[in-house]
Amino acid sequence: MYKASRFSPLTSNIRHTVITLPTPINISTWWNFGSLLGICLASQILSGLILSLHFTAHTDLSFYVVIQSFGDVYYNWWFRALHANGASFFFIGLYLHIARGLYYGSYVFKEVWSIGVVILLLVMASAFLGYVLPWGQMSFWGATVITSLFSALPVVGGDVVVWLWGGFSVDNATLTRFFGLHFVLPFIVAGLVGLHLFFLHDQGSSNPLGVSSDFNKVVFHHYYVLKDLVGACFFIGPLLGLVYFNPWLLGDPENFIEGNPLVTPHHIQPEWYFLFAYAILRAVPNKLGGVVALAAAVLVLFYMPVSPKTSVKGLSFYPWGKILFFSLIGVFFLLTWAGSKPVEEPYVVISQVLSFLYFSYFALIGPITRIQDKLL
């Protein structure tokens, strides 16, 4: 006789996701960043909801509401510092998660990887929109510069910019729609994260060896739940240390000045996590070419699932591939440094060389690993 399950369908799905999920026995600490990013997303959504209760999206009020709420709203300073620094830690986790995927060949799972890249794009958009909301000097001019890039689009560029601004300059209509989009996008990201996990659990996780682990798995709980909790402690500890002891370390001093359309900052630059793409944008003298290069810096990740396949997933057994990969990491840091410098020599030439090397990785990694396959 059929015995009914004591778990409802919803409970069974949750149980399979966090308790009985078969997981490769040999995955390392680099696989912790998925759960850490989930914690970051939850933290950003909750702290953002609380901050939104005391925010007014108006060019005459936003800057002063943010300043006033520090002293007048109980623990608002803590939530603001957590939200601002949480964004930086979110991007640290994202970049490390992507680097792990590139190194260990996780991009062979096309659906998982493609949805992950879409999540990255939406998180970048949400971070940019949120950076504009305090209406400081760098917020205002950052919004002006980045939205003006759409004017480079042929034929429709000017109309797109006017539509984004809600007028003929960055003003109150722009701030209002940026606030609305910044509020909605994290929930779309959360939905895509659910889809990301669905395909991940359907196709299975990769592992450091890049071989099939179907016959060598353990249940997720308690082996990896405890491992993720330890990772969360090491991740949350530095974040709280930054919040309590130096909350504005990663911020720009210009943003403590109210946005003024009549005074241009000496050096306009985005937050540190966008600097690599900003350096690539500035490396191209042509405006449209710079916009294309900027978009390609992230969209190139969509190419990886269709790049030439290797005998073994990942780069663990490809010495030349390892050299290329760690060169890419070095180029990423150098681009971040170059993006923080003024638009003058020698930084422009350095950015151009580094941009070429950045895109060269994606063009060369497939052929080089295939050559190693043939040699071996």
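It should be emphasised that the depicted structure is a prediction, and the values quoted were computed from it without experimental measurement. (Residues numbered from 1 in each chain as written. Predicted model: local features only at pLDDT ≥ 70, side-chain atom pairs only at ≥ 80, totals over all residues. Heavy atoms only, no water.)

A.B. asks: How should the domain arrangement of the protein chain be read in this particular structure?
C.D. replies: Many structure descriptions define interface size as the accessible area lost when the parts assemble. The assigned domain composition of the protein chain is domain 1 (16-252) and domain 2 (269-375). Averaged C-alpha coordinates put domain 1 and domain 2 at centres separated by 22 Å. On the domain 2 side, the residues contacting the 37 residues of domain 1 number 32 residues. When the buried surface of domain 1 facing domain 2 is broken down by residue, Leu-102, Tyr-103 and Leu-149 rank first, second and third, together holding 21% of it. At the junction of domain 1 and domain 2, the tally comes to zero salt bridges. Counting across the domain 1 and domain 2 interface gives six residue pairs in polar contact (both at pLDDT 80 or more). Elements that contribute at least two residues to the side of domain 1 that touches domain 2 include exactly α4 (76-104), α5 (110-132) and α6 (137-148). Ranked by residue count, the leading element in the side of domain 1 that touches domain 2 is α5, at eleven residues. (Domains from an automatic or database assignment. Contact = heavy atoms within 4.5 Å. Buried area = accessible area lost by both parts, 1.4 Å probe. Salt bridge = Lys/Arg side-chain N within 4 Å of Asp/Glu carboxyl O. Polar contact = N/O pair within 3.5 Å; in protein donor to acceptor, adjacent residues only side chain to side chain. Helix = DSSP H or I, 4+ residues; strand = E, 2+ residues; numbered from the N terminus.)

A.B. asks: Can you help me understand the environment of Ile-371 in this one?
C.D. replies: Within the element layout of this structure, Ile-371 appears in helix α13 (residues 347-375). Owing to a relative accessible area of 44%, Ile-371 belongs among the partly exposed residues under this scheme. When the C-alpha atoms of Ile-371 and Thr-310 are compared, they prove to be 9.5 Å apart, with 61 residues separating the residues in sequence. (Buried < 20%, exposed > 50% of the residue type's maximum accessible area, 1.4 Å probe, protein only.)

A.B. asks: Just checking my understanding: could you explain the UniProt feature "binding site: heme b b562" (unreviewed entry) in the protein chain for this structure?
C.D. replies: Here the UniProt-annotated "binding site: heme b b562" (unreviewed entry) positions come out as His-83 and His-182. Taken along the chain, the residues just named run across 100 residues; in space they keep tight, none of their C-alpha pairs more than 12.9 Å apart. Mapped onto the elements, His-83 comes out in helix α4. Not counting residues within four places of it along the chain, the set of residues in contact with His-83 comprises Gln-44, Ser-47, Gly-48, Leu-51 and His-182. Along the chain, His-182 falls in helix α8 (residues 172-203). (UniProt positions renumbered as here; feature names shortened; annotations may be inferred.)

A.B. asks: Please explain the nonpolar core as it appears in this structure.
C.D. replies: For soluble globular proteins, nonpolar side chains are generally found buried alongside one another. Counting 87 residues, the largest nonpolar core has Phe-91, Leu-102 and Tyr-358 as its most contacted members. Here the element with the most residues in this core is α4; it accounts for 14 residues. No fewer than three residues from each of domain 1 (16-252) and domain 2 (269-375) sit in this core. In this view, Leu-102 contacts Tyr-107, Trp-113, Leu-301, Met-304, Leu-315, Phe-325, Leu-328, Tyr-361 and Phe-362; residues no more than four positions away in its chain are not counted. Residues Leu-149, Leu-275, Tyr-278 and Leu-281 belong to the second largest nonpolar core, which totals six residues. (Core = buried A, V, L, I, M, F, W, Y, C linked by side-chain atoms within 4.5 Å.)

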